[in-house]
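# Structure at a glance
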Amino acid sequence: NGLMIGKRGIVMGVANNRSIAWGIAKALADQGAELALTYQGEALKKRVEPLAEELGAFVAGHCDVTEEETLDAVFATLAEHWGSIDFLVHAIAFSDKDELTGRYVETSRDNFRKTMDISVYSLTALAARAEKLMTSGGSILTLTYYGAEKVMPHYNVMGVAKAALEASVRYLAVDLGGKAIRVNAISAGPIKTLAASGIGDFRYILKWNEYNSPLKRTVTIDEVGQSALYLLSDMSSAVTGEVHHVDSGYHTVG
Ligand code: 0WD
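### Topic: a nonpolar patch on the surface
- Taken together, the side chains of Leu 3, Tyr 230 and Met 235 make up a nonpolar region of the molecular surface, amounting to roughly 290 Å² of accessible area.
- Mapping Leu 3 onto the fold places it in the segment before β1 (8-12).

Laid out in structure tokens, this is it:
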């Protein structure tokens, strides 16, 4: 215990207690990290506030990654509150659920843009701001999925977005490496969350992973949290630009 003592950082993407970001926040707090959480809109504020309190985290305010001014406001709050940060967790994605079913070829231009903006560009927008506050180096982590590497049923435009996200991780790792800021991704196996419930036939995907992964089971948000701890702590001080699979080994057989 105490791997994260003296480290401060922000976790973005907690929607409720099933969110992957919540699993990561819990693991970080358990190891002594000081945390800031954000919420997207008033509806989620009511859910995030009590969760933040549970971890002794402070709420850095509303952040919608499509609104630049809310990003600036959150980072101004962090600068004022702490002066510097050591880590950032990006667990944010969105696509119109009507296009997370059926054929990728039918993706609309509007939803393609929106999916890429919220699920891909946001990491870059956040990394640029985090760089200024990571004055003693740092670690940035995002969440991706195997649909970036192989075609997964119904994942469609989100798979294309995750491929771009994984490429962003590599470019950001190079840009920020000189400042001892590391950038990595966890490719998580399927987990039943709010975002996942928008994906067509998600129960089938869970079962498929359970039957076919080497460990013959799915993964939990707490297990993603434990792996995140490694990537966000000094345990992984020489690891950057990496996509680390936390998927019961599914990627070795799928
Ligand atoms: O099986 C899964 N659940 C997997 C999820 C497997 C592998 C990867 N992931 C990824 C997701 O693609 C996402 O990047 O993990 C990340 C976290 O997703 P989650 O924990 O599965 O889902 P959820 O609890 O719904 O959190 C995602 C949150 C949003 O929730 P809702 O469901 O309300 O859209 O992302 C946030 C929001 O809180 N979010 C935004 N935050 C700021 N600005 C925005 C936005 N515009 N849009 C969504």
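### Digging into the pairing of strand β2 (residues 34-39)
- The buried count for β2 comes to five of six residues, which makes it a mostly enclosed element.
- Looking at chain direction, β1 and β2 are connected through four bridges and run parallel. Looking at β2, one finds that Ile 10 is bridged to Ala 36.
- Taken together, β1, helix α1 (residues 20-30) and β2 constitute a β-α-β crossover, and its handedness is right-handed.
- Relative to strand β3 (residues 58-62), β2 runs parallel, the two sharing three bridges. Bridge assignment links Ala 36 to a residue of β3, and that residue is Phe 58.
- Crossover handedness for the path β2 to helix α2 (residues 42-55) to β3: right-handed.

### Details of the layout of surface pockets
- Volume-wise, the largest pocket comes out at about 1,100 Å³.
- In this structure, the largest pocket is lined by 42 residues; those nearest its centre are Ala 91, Ile 92, Ala 93, Phe 94 and Ala 195.
- Looking at the lining of the largest pocket, the elements that each hand over two or more residues are α1, β2, β5 (138-144), α5 (156-177) and α6 (202-212).
- Of the residues belonging to the lining of the largest pocket, the class tally is 28 nonpolar, 11 polar and three charged.
- Around the second largest pocket, the lining comprises 15 residues; the ones closest to its centre are Gly 137, Gly 138, Ala 180, Arg 182 and Asp 234.
- Counting residues per element, the ones that place at least two in the lining of the second largest pocket are β5 and β6 (181-188).
- Across the lining of the second largest pocket, the residue classes break down as three nonpolar, eight polar and four charged.

### As for the side chain of Thr 142
- With respect to the helices and strands, the residue Thr 142 is situated in strand β5.
- Within the structure, the side chain of Thr 142 is placed 2.8 Å from the side chain of His 90, a separation counted as a polar contact.
- When sequence neighbours within four positions are dropped, the list of residues in contact with Thr 142 reads His 90, Leu 123, Leu 165, Val 169, Asn 184, Ala 185 and Ile 186.

### Quick notes on the site of the ligand
- Taken together, 26 residues sit near the ligand, with Ser 19, Ile 20, Val 65, Ile 191 and Thr 193 positioned nearest.
- Ser 19 has a polar side-chain atom sitting 2.6 Å from an oxygen atom of the ligand.
- For the ligand, whose unbound accessible area comes to 870 Å², protein coverage reaches 92%.
- Cavity membership is defined here by more than half of the atoms lying within 2 Å of grid points; on that basis the ligand lies in the largest pocket.
- Partitioning the shell around the ligand into residue classes produces 18 nonpolar, six polar and two charged.

### Regarding the sheet that holds β2
- The parallel open sheet is built from seven strands, whose spatial order is β3-β2-β1-β4-β5-β6-β7. Both edges of this open sheet fall to β3 and β7 (243-246), since each of them pairs with a single strand only. Each adjacent strand pair in this sheet contributes to an overall mean axis angle of 20 degrees, direction not counted.
- Where β5 lies against β6, seven bridges are found, and the strand directions are parallel.

### Overview of the pattern of salt bridges
- As enumerated under the stated definition, the model contains 10 salt bridges in all.
- Note that Glu 106 is salt-bridged to Arg 103, the shortest N-O span being 3.0 Å.
- Overall, Glu 106 belongs to the exposed group, its relative accessible area being 54%.
- Connected through shared salt-bridge partners, Glu 68, Asp 72 and Arg 129 make up one network.

### Looking at the packing of helix α4 (residues 109-133) against α5
- Packing of α4 against α5 leaves a shortest axis separation of 9 Å and a crossing angle of 20 degrees. In terms of orientation, α4 lies roughly parallel with respect to α5. Our pair here, α4 against α5, has a crossing hand that is right-handed. Residues Asn 111, Phe 112, Thr 115, Met 116, Ser 119, Val 120, Leu 123, Thr 124, Ala 127 and Glu 131 of α4 pack against Val 157, Met 158, Val 160, Ala 161, Ala 164, Leu 165, Ser 168, Val 169, Leu 172 and Leu 176 of α5.

Calculation rules
Residues numbered from 1 in each chain as written. Predicted model: local features only at pLDDT ≥ 70, side-chain atom pairs only at ≥ 80, totals over all residues. Heavy atoms only, no water. Patch = residues over 30% accessible without salt bridge, like charges linked within 9 Å, V, L, I, M, F, W, Y side chains within 5 Å. Areas by Shrake-Rupley, 256 points an atom, 1.4 Å probe, with all protein chains shown as cover. Salt bridge = Lys/Arg side-chain N within 4 Å of Asp/Glu carboxyl O. Helix = DSSP H or I, 4+ residues; strand = E, 2+ residues; numbered from the N terminus. Buried < 20%, exposed > 50% of the residue type's maximum accessible area, 1.4 Å probe, protein only. Pairing = 2+ DSSP bridges. Right-handed = clockwise from strand over helix to strand, strands pointing away. 1 Å grid on protein atoms, 1.4 Å probe; cavity = no way out; pocket = protein on both sides within 12 Å on 5 of 7 lines; lining within 4 Å. Points joined across faces, edges and corners; volume = space filled by probe spheres on them. Nonpolar A, V, L, I, M, F, W, Y, C, P; charged D, E, K, R; others polar. Polar contact = N/O pair within 3.5 Å; in protein donor to acceptor, adjacent residues only side chain to side chain. Contact = heavy atoms within 4.5 Å. Near = heavy atom within 4 Å. Sits in = over half its atoms within 2 Å of the grid points. Axes fitted to C-alpha atoms, helices over the stretch in contact; angles between N-to-C directions. Parallel < 35°, antiparallel > 145°, perpendicular 65-115°, else oblique. Left-handed = near helix turned anticlockwise from the far one by under 90°.

These figures come from the coordinates and say nothing about function on their own.
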